[in-house]
Amino acid sequence: MLMSRKLVECVPNFSEGRDRSKVESIAAAIQSVAGALVLDLECDADHNRSVITFVAPPESVVEAALAGAAKAVELIDLTVHTGAHPRIGAVDVMPFVPLEGVTLEECVKLAERAAAELWKRLKVPTYLYEAAARRPERVNLENIRRGQFEGLREDVRTNPDRAPDFGDAELHPTAGATVVGARKFLIAYNINLGTTDVEIAKRIAKGIRHSNGGFRYVKAMGVMLTSRNLAQVSMNLTDFEQTPVHRVFATVESEAARYGVPVVGSEIIGLIPKRALEMTADFHLRFEGFQPSMVLENRVADALAGRQPLNDFFDALADATPTPGGGSAAAAAGAMAASLGAMVARLSKLDGTLYEADRQFLAVAVQRDADAYGSVVAAYKRPKAERAPFVEAAMREATEVPLEVLERASALAVRLAALAAESPAKFASDVTTARAWRRRRAPVRGPTSISIWRIWRRASSARLSRHGSPRCSSTRSNGVRGAAMRLLVIACYFLAAPLFAQYGYPQYPSAPWEARKTAPGAVPMPSFTGKVTDLDSKKLTLEGDTPNLMEFTLMRKTEYFSGKSKIKASAIKAGDRVTVETRKAPDGTLDAVIVRLEKSPPKRDQ
């Protein structure tokens with residue numbers, strides 16, 4: 001039985017609703033995090049506020065929220081912001097909602113982590129509200145937001161009761177503060193009245209909200225919609241099953257009639273659960289014996305719930321269609337390896353964050369690979385005269401996806417090797433399985449990925465465009481050259497597989513030693529000279545001046561460099577003396593390149 005998936009909904013509210021390009025940039029930042037999926041984006045010019053709804057697994061939802069927050073802090077300036085909706089921050093509120101396979105308590109921990117990171121990374125002070133609140137008066141959002149940005153900016157400096165939960169008692173100069181919390185699903189629901197008298201909307205809002213004795217799960221305020229010349233009762237329904245939408249609508253309609261005002265419409269901001277609409281339909285249509293299972297989509301969902309998603313993938317893989325294919329299968333294999341790594345790391349009380357990031361990336365790559373193939377097919381279906389740039393872009397993506405999988409899997413291999421040494425012996429079989437899956441991640445590995453990338457860049461330099469290329473004398477020759485180079489890329493990709501399967505798989509992509517030695521995060525180490533005591537395709541063990549054995553990961557499998565001369569791996573034997581330059585990689589491992597080789601004298605027959 002497969003474990004059910006885990007999903008958290010996050011619904012950050014941003015103090016920008018008039019420049020949609022800014023809001024779309026924020027949404028793009030959120031979706032750039034692996035595993036995050038933006039479901040909805042709402043902009044309101046009168047409120048000058050936007051609401052972005054996205055879902056993500058628990059391990060990536062905080063990073064996605066922080067990515068959106070960072071972009072909002074960059075783009076939004078509260079000192080010049082005006083709008084009908086109260087606010088204290090560029091990222092005004094950031095709630096985490098348990099959606100599937102996650103508890104409210106887990107969302108509280110996510111909220112606390114997000115609040116701490118907002119201060120640490122962006123210097124935006126944060127308050128915790130709803131289920132995450134650390135002080136009873138901060139359960140209600142309106143208590144924290146009292147005075148809005150301008151009032152809180154002054155009050156926080158002198159009133160200890162307004163001090164944030166994370167950060168200094170000083171708001172960010174342009175981004176203010178952010179309220180972060182965990183709560184159940186909330187419906188943002190507005191009812192528009194056929195009047196310009198905003199006082200009527202305010203009186204109705206006062207009568208129905210919980211803080212003034214109204215409905216237990218309703219927060220409401222009256223605002224003026226200048227663009228539509230209408231008054232509005234703006235509400236948050238915090239538990240629609242206890243206080244359903246239809247009951248709130250009927251009450252507002254009745255109260256408005258007392259003032260001789262009609263209801264001209266209502267609107268949902270963001271998303272609404274299907275259950276809320278089912279309850280409304282049942283109430284107004286007076287169905288007899290109505291059950292949610294009578295809804296067609298619910299019945300289909302129930303029927304599919306018993307299926308295993310992995311079997312669905314296997315069915316699609318075995319189907320007589322080109323996608324999903326080998327690239328998707330390779331990414332799926334890598335995702336399984338990363339998942340096993342995460343499991344072993346957690347059971348061993350080690351940090352499994354990087355394994356989770358790998359898993360999310362590779363899981364998304366399963367579909368990306370299939371989509372990339374579809375893009376190539378679609379590009380070739382375009383009219384011949386205009387297809388060239390589309391084919392080039394599609395081919396680039398079709399090449400980049402497997403290469404990114406290769407690079408991610410190579411880094412995963414290093415972590416799994418370290419995990420094998422750090423984890424208890426009882427998990428050896430799981431780590432061994434993970435490493436075996438990783439070795440089957442794609443048809444090429446190591447230096448081949450960089451070589452193919454260089455070939456692809458050269459192919460791309462032969463542009464297929466109306467403007468020609470300085471490298472080619474004509475558009476025709478340019479097109480032939482570009483097509484030939486792309487065919488070479490594909491040939492290298494598939495033909496290299498049996499060679500590497502026979503002779504082994506290097507653990508690092510090829511790159512000039514000087515570049516790798518000075519790569520970001522790399523620490524150059526001293527040179528070592530010693531006698532070779534053991535040599536295989538991955539490790540070199542040297543016996544130096546110290547009694548300890550020094551073991552290094554070699555940079556290349558088949559040959560090494562000594563000055564300007566090349567040294568074949570097969571020429572290095574136990575007993576030879578070598579000098580190596582080393583570096584400490586960002587992941588803590590040591591790697592080395594041979595710079596000098598002194599052959600041991602041949603043994604004589606006795």
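Described below are features of the structure shown in this document. Predicted model, so just to flag it, every value in this text is computed and none were measured. (Residues numbered from 1 in each chain as written. Predicted model: local features only at pLDDT ≥ 70, side-chain atom pairs only at ≥ 80, totals over all residues. Heavy atoms only, no water.)

A covalent bond between the sulfur atoms of two cysteines is what we call a disulfide. Across all of its chains, the model carries zero disulfides by this definition. Cys 10 forms no disulfide, and the closest cysteine sulfur to it belongs to Cys 107, at a distance of 9.4 Å. Taking relative accessible area as the criterion, Cys 10 reaches 0% and is therefore assigned buried. (Disulfide = S-S within 2.5 Å. Buried < 20%, exposed > 50% of the residue type's maximum accessible area, 1.4 Å probe, protein only.)

A few words now on the pattern of salt bridges. Across all of its chains, the model carries 28 salt bridges by this definition. Linking Asp 239 and Lys 184 is a salt bridge whose minimum nitrogen-to-oxygen distance equals 3.3 Å. Residue Asp 239 is located in the loop between strand 10 (230-237) and helix 7 (245-258), and its partner Lys 184 is located in the loop between strand 7 (178-182) and strand 8 (187-193); the two are separated by 55 residues in the primary sequence. Linked through salt bridges whose partners overlap, the residues forming this network are Glu 59, Arg 346, Glu 356 and Arg 359. (Salt bridge = Lys/Arg side-chain N within 4 Å of Asp/Glu carboxyl O. Helix = DSSP H or I, 4+ residues; strand = E, 2+ residues; numbered from the N terminus.)

Our focus in this paragraph is the packing of aromatic side chains. By the definition in use, this model includes zero aromatic pairs. For the cation-ring pair, Arg 216 lies above Tyr 217, with the distance from its terminal atom to the ring centre recorded as 4.8 Å. (Phe/Tyr/Trp six-rings, centres within 6.5 Å; stacked < 30°, edge-to-face > 60°. Lys NZ or Arg CZ within 6 Å of the ring centre and 35° of its normal.)

Moving on, we get to the pairing of strand 8. For strand 8, the buried fraction is high: seven of the seven residues fall into the buried class. Of the two faces of strand 8, the one holding Ile 187, Tyr 189, Ile 191 and Leu 193 and the one holding Ala 188, Asn 190 and Asn 192 are both buried throughout. The sheet contact formed by strand 8 and strand 10 spans seven bridges and is antiparallel. Paired with Leu 193 across the bridge in strand 10 is Ala 231. As paired elements, strand 8 and strand 11 (residues 263-269) share six bridges and run antiparallel to each other. Bridge pairing in strand 11 places Ile 191 opposite Ser 266. (Pairing = 2+ DSSP bridges.)

Take a nonpolar patch on the surface next. Taken together, the side chains of Leu 37, Leu 39 and Leu 271 make up a nonpolar region of the molecular surface, amounting to roughly 240 Å² of accessible area. Overall, the relative accessible area of 45% leaves Leu 37 in the partly exposed class. (Patch = residues over 30% accessible without salt bridge, like charges linked within 9 Å, V, L, I, M, F, W, Y side chains within 5 Å. Areas by Shrake-Rupley, 256 points an atom, 1.4 Å probe, with all protein chains shown as cover.)

This next bit is on helix 1 (residues 20-31). Look at helix 1: 16 Å from first C-alpha to last across twelve residues, which is about the 16 Å you get at 1.5 Å a residue. Those residues of helix 1 not exposed but buried are Val 23, Ile 26, Ala 27, Ala 29 and Ile 30. Buried residues in helix 1, looked at end-on, bunch into an arc of 160 degrees, giving them a common side. For helix 1, the elements touching its buried residues are strand 2 (13-14), strand 3 (37-44), strand 4 (49-56) and helix 2 (58-75). (Expected span 1.5 Å × (residues − 1). Arc of directions from axis to C-beta. Contact = heavy atoms within 4.5 Å.)

Counting 42 residues, the largest nonpolar core has Ile 52, Phe 54, Val 61, Met 94, Phe 96 and Val 180 as its most contacted members. Counting residues per element, the ones that place at least two in this core are strand 1 (7-10), helix 1, strand 4, helix 2, strand 5 (91-100), helix 3 (104-122) and strand 7. Setting aside its immediate chain neighbours within four residues, Ile 52 contacts Cys 10, Val 11, Pro 12, Phe 14, Val 23, Ile 26, Ala 27, Ile 30, Val 38, Asp 40 and Leu 41. Among the nonpolar cores identified, the runner-up in size contains 25 residues, and Ile 187, Ile 208, Met 235 and Leu 237 belong to it. (Core = buried A, V, L, I, M, F, W, Y, C linked by side-chain atoms within 4.5 Å.)

Another point: the sheet that holds strand 11. Strand order in this open sheet of four strands is 9-10-8-11, and the pairing throughout is antiparallel. Since the sheet does not close on itself, it has two edges, and those belong to strand 9 (218-225) and strand 11, each with one partner. On average, each strand axis in the sheet is inclined to that of its neighbour by 20 degrees, with strand direction left out of account. Most of the contacts of helix 6 (residues 198-208) go to strand 9, to which it runs at about 175 degrees, and overall it touches strand 8, strand 9 and strand 10. In the packing of helix 7 onto the sheet, the strands contacted are strand 8, strand 9, strand 10 and strand 11, and the crossing angle to strand 8 comes to about 25 degrees. (Axes fitted to C-alpha atoms, helices over the stretch in contact; angles between N-to-C directions.)

What follows deals with the side chain of Asn 190. Among the secondary structure elements, Asn 190 is positioned in strand 8. Judged by its relative accessible area of 5%, Asn 190 falls in the buried class. Looking at Asn 190, its side chain comes within polar contact range of the side chain of Ser 234, at 3.0 Å. (Polar contact = N/O pair within 3.5 Å; in protein donor to acceptor, adjacent residues only side chain to side chain.)

It is worth spelling out the pairing of strand 10 at this point. Among the eight residues of strand 10, seven are classified as buried, and the element is accordingly described as predominantly covered. Taken together, the eight bridges between strand 9 and strand 10 define a ladder with antiparallel strand orientation. Across the sheet, residue Ala 220 finds its bridge partner in strand 10, namely Met 235. The hairpin formed by strand 9 and strand 10 contains four residues between the paired strands, and Asn 229 there has a positive phi angle of roughly 55 degrees.

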